[in-house]
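Observations on the model geometry
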Amino acid sequence: MAETYYSKEHEWITVDGETGTVGITGFAQEQLGDIVFVEVIKENEDVAKDEEVAVVESVKAASDIFSPVSGLIIGANALLEDAPEMINNDPLESGWIFKMTLHNPEELDNLMNLASYKQFLDSIK
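Residues numbered from 1 in each chain as written. Predicted model: local features only at pLDDT ≥ 70, side-chain atom pairs only at ≥ 80, totals over all residues. Heavy atoms only, no water.

1. Details of the pattern of salt bridges
Counted only if it meets this: Should a side-chain nitrogen of Lys or Arg be within 4 Å of a carboxyl oxygen of Asp or Glu, the pair is scored as a salt bridge.
Inspection of the entire model under this criterion finds one salt bridge. Among the salt bridges present, the one from Asp50 reaches Lys49, with a minimum N-O distance of 3.5 Å.

Right under this line is the structure:
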């Protein structure tokens, strides 16, 4: 069964087996405002935990997106090229940014579950 984890940088990763789907949280997209452009590094790139993987640009600012775990990028959400606002409309489903194969699943232990992430948000608001 798929499980979702959250980082302090407001990325989420839903893991199903060895595959993770990554995006930004509702809080992150709210802070950015209307998203107008998304750029993801190439497929078949190995990335380290906390490495910059994508850039999301909004009418307010550009924001780097970091990989919550180490792995191999296996795909990007091509729909975001023509419709980056999908991240604003549905950040946890159709607004996903990239997929990856996890190298070290134990890195997930350093991320938060939903309850912990909500507590974290309360502590920074």
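2. Some points on the side chain of Thr21
This is how it is decided: The secondary structure listing takes helices from DSSP runs of H or I that are at least 4 residues long and strands from runs of E that are at least 2 residues long, numbered from the N terminus. Here's how the labels work: a residue is buried when its accessible area is under 20% of the maximum for its type, exposed when over 50%, partly exposed in between, all with a 1.4 Å probe on protein chains only. Polar contacts, as used here, are pairs of N or O atoms within 3.5 Å; protein pairs need one atom able to donate a hydrogen and one able to accept it. Residues neighboring in sequence count only if both atoms are side-chain atoms. Contacts: residue pairs with any heavy atoms within 4.5 Å of one another.
For Thr21, the location among the structural elements is in strand S3 (residues 19–24). Taking relative accessible area as the criterion, Thr21 reaches 13% and is therefore assigned buried. In this structure the side chain of Thr21 is engaged in a polar contact, spanning 2.9 Å, whose partner is the side chain of Lys99. Excluding anything up to four places from it in sequence, Thr21 contacts Trp12, Ile13, Thr14, Trp96, Phe98 and Lys99.

3. Quick word on the nonpolar core
Our working definition: What we call a nonpolar core is a set of buried Ala, Val, Leu, Ile, Met, Phe, Trp, Tyr and Cys residues that are connected through their side-chain atoms within 4.5 Å.
Counting residues in each nonpolar core, the largest one holds 26 residues, and the members touching the most others are Ile13, Ile24, Val56, Ile87, Ile97, Met100 and Leu108. Among the elements of the structure, strand S2 (11–16), S3, helix H1 (26–32), strand S4 (35–40), strand S6 (52–58), helix H3 (86–89) and strand S9 (98–102) are those that each provide at least two residues to this core. Setting aside residues up to four positions removed in sequence, Ile13 forms contacts with Glu3, Thr4, Tyr5, Gly20, Thr21, Val22, Pro68, Val69, Met100, Leu102, Leu108 and Leu111. The next biggest cluster of nonpolar side chains, apart from the first, holds eight residues, and it includes Trp12, Trp96, Met112 and Phe120.

4. Focus on the sheet that holds S4
Filter applied, for reference: Pairing between two strands requires that DSSP report at least two bridges joining them. In this analysis, axes come from line fits to C-alpha atoms, helices being fitted only over the stretch in contact, and the angle between any two N-to-C directions falls in the range 0 to 180 degrees.
With antiparallel pairing, three strands are arranged side by side in an open sheet as S4-S6-S7. Both outer strands of the open sheet, S4 and strand S7 (62–66), are each paired with one neighbouring strand and no more. Each strand axis lies, on average, 20° off the axis of its neighbour in the sheet, ignoring direction. The pairing of S4 with S6 spans five bridges and is antiparallel. Residue pairing for S6: Phe37 is matched across the bridge by Glu57.

5. Points about a negative patch on the surface
Worth spelling out the cut-off: Within the patch definition used here, like charges are joined within 9 Å and nonpolar side chains (Val, Leu, Ile, Met, Phe, Trp, Tyr) within 5 Å, considering only residues with over 30% relative accessible area and no salt bridge. Per-residue accessibility takes into account occlusion by the displayed protein chains alone, with areas from the Shrake-Rupley method and a 1.4 Å probe. The sign given to each residue is positive for Lys and Arg and negative for Asp and Glu; His and the chain ends receive no count. Taken as the charge centre is NZ of Lys, CZ of Arg, CG of Asp or CD of Glu, depending on the residue.
On the surface, Glu39, Glu45, Asp46, Glu51, Glu52, Glu57 and Asp64 cluster together to form a negatively charged patch. Looking at the secondary structure, you find Glu51 in the loop between strand S5 (46–47) and S6. Using a relative accessible area of 34% as the deciding quantity, one classes Glu51 as partly exposed.

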